[in-house]
Amino acid sequence: MLLSLLLPQINPYMTDAIVGVVHAAEGAAIPVGGKLMDLTVDLSAAAPHDCPAISHFRVTVRDRAFLRRLDVARGDTPRVGQPLALFSTEPDEPLDGPPARAVRVAIVGVIPQSLWDEVPS
């Protein structure tokens, strides 16, 4: 079975995200809870706020699946709804049909290690 992943709207004011780290390679078996990619969402131009306008998120896969195709790379800025990746439940499944459903994911806020390095001791 083919499973798709489109960029979800993590915040109501979000229109796109920046792909940071991609943790998995095409062809890799992704376990339940496996890291897929990190995203940065910048809302500084979208809405007034009283907290940092830039947030970081990690996308983890909640289905046992094989990453068959990455549609984005580090530094890309996909828009909400744009394809990020295609998965399959079998490692050699043909990719010519439509996805049966979206892959299940969990998205959590993270603080990148590089930001911790900037905090004065």
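To be clear, the structure that these remarks concern was listed above.
Residues numbered from 1 in each chain as written. Predicted model: local features only at pLDDT ≥ 70, side-chain atom pairs only at ≥ 80, totals over all residues. Heavy atoms only, no water.

A.B. asks: Explanation requested: the environment of Asp 42 in the structure shown.
C.D. replies: Its location among the elements puts Asp 42 in strand β4 (residues 34–42). The class of Asp 42 is partly exposed, set by a relative accessible area of 38%. Each C-alpha atom, one on Asp 42 and one on Ile 54, is 4.4 Å from the other, the two residues being 12 residues apart in sequence. Excluding its chain neighbours within four sequence positions, the residues that come into contact with Asp 42 are Ala 53 and Ile 54. (Helix = DSSP H or I, 4+ residues; strand = E, 2+ residues; numbered from the N terminus. Buried < 20%, exposed > 50% of the residue type's maximum accessible area, 1.4 Å probe, protein only. Contact = heavy atoms within 4.5 Å.)

A.B. asks: Even after reading the chapter, I still don't get the nonpolar core, so can you show me in this structure?
C.D. replies: Most often, soluble globular proteins keep nonpolar side chains buried together rather than apart. Counting 23 residues, the largest nonpolar core has Leu 5, Leu 36, Met 37, Leu 39, Leu 67 and Phe 87 as the members making the most contacts within it. Secondary-structure elements contributing two or more residues to this core are β1 (2–6), β4, β5 (54–61), β6 (65–70) and β7 (83–88). Broken down by element, the residue count for this core peaks at 4 residues, all from β4. Not counting chain neighbours up to four residues away, the residues in contact with Leu 5 comprise Leu 36, Val 59, Gln 82, Pro 83, Leu 84, Ala 85, Phe 87, Val 103 and Val 105. (Core = buried A, V, L, I, M, F, W, Y, C linked by side-chain atoms within 4.5 Å.)

It is worth stressing that arrangement in space is one thing and function is another; only the former is reported here.
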